[in-house]
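# Remarks on the overall topology
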Amino acid sequence: MTELATRAQAFSLVAEGVAAGLSAPWRLYLARGCRYLSLSVGDRAEWNAWRTHLGCPELSVRVYDAGGEIRRSSMAEVVMDGCRISVELVEEIGTDDLDRLLVVDPTTVEPEER
């Protein structure tokens, strides 16, 4: 891909991922001026697939309280030709999952460790 100068190019980036077999994001946000594109996905497998497809080197995890519910937000980001692209997954975490909050990818924790 050469650059994300137009909305059509940003949407074609998503269409290429879906055509390659990735699940369509459940929410897409494209900022005016095409300088920020955000994809929200439904589960960890989709998040891993999109971040691998886009080559996102920047990963961050945030845990917060949302009205009594504990949520974990995992975000992967990459900058392509001046456009910041992020893939985000928001999961509800129960208090029994608190030991997994500091693990970057909870699917890699061995069953004995859980």
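Residues numbered from 1 in each chain as written. Predicted model: local features only at pLDDT ≥ 70, side-chain atom pairs only at ≥ 80, totals over all residues. Heavy atoms only, no water.

## Quick word on the pairing of strand β1 (residues 27-30)
Which entries qualify depends on this criterion: A strand pair is defined by DSSP finding two or more bridges across the two strands. Helix numbers and strand numbers start at the N terminus; a helix is a DSSP run of H or I with at least 4 residues, a strand a run of E with at least 2.
Two strands pair when backbone bridges link them, and β1 and strand β2 (residues 36-40) are joined in this way by four bridges, in the antiparallel orientation. Residue pairing in the sheet places Tyr 29 in a bridge with Ser 38 of β2. Once β1 ends, the chain turns through five residues before running back antiparallel as β2, passing Gly 33 with a positive phi of about 90 degrees.

## Quick look at the environment of Ile 93
Filter applied, for reference: Between buried and exposed lies partly exposed: a residue is buried under 20% and exposed over 50% of the maximum accessible area for its type, with that area taken using a 1.4 Å probe on protein chains only.
Position of Ile 93 relative to the elements: it lies in strand β5 (residues 83-93). Look at Ile 93 and you get buried, because its relative accessible area is 9%. Counting along the chain gives 30 residues from Ile 93 to Val 63, while the straight-line C-alpha distance between them is 9.0 Å.

## Some remarks on the nonpolar core
Stated precisely, the cut-off is as follows: By nonpolar core is meant a set of buried Ala, Val, Leu, Ile, Met, Phe, Trp, Tyr and Cys residues that side-chain atoms within 4.5 Å join together. A contact between two residues is defined here by any heavy atoms of the two lying within 4.5 Å.
Ranked by internal contacts, the top residues of the largest apolar core, which has 19 residues, are Leu 37, Leu 39, Trp 50, Leu 54, Ile 85 and Val 87. Elements with a contribution of two residues or more to this core: α1 (7-19), β2, α2 (44-54), β4 (69-80) and β5. Looking at this core, the element that brings in the most residues is β5, giving four residues. Aside from chain neighbours lying at most four places away, what touches Leu 37 is Ala 10, Leu 13, Val 14, Leu 28, Tyr 29, Leu 30, Cys 83, Arg 84, Ile 85 and Ser 86.

Treat this as a map of the structure, not an account of what it does.
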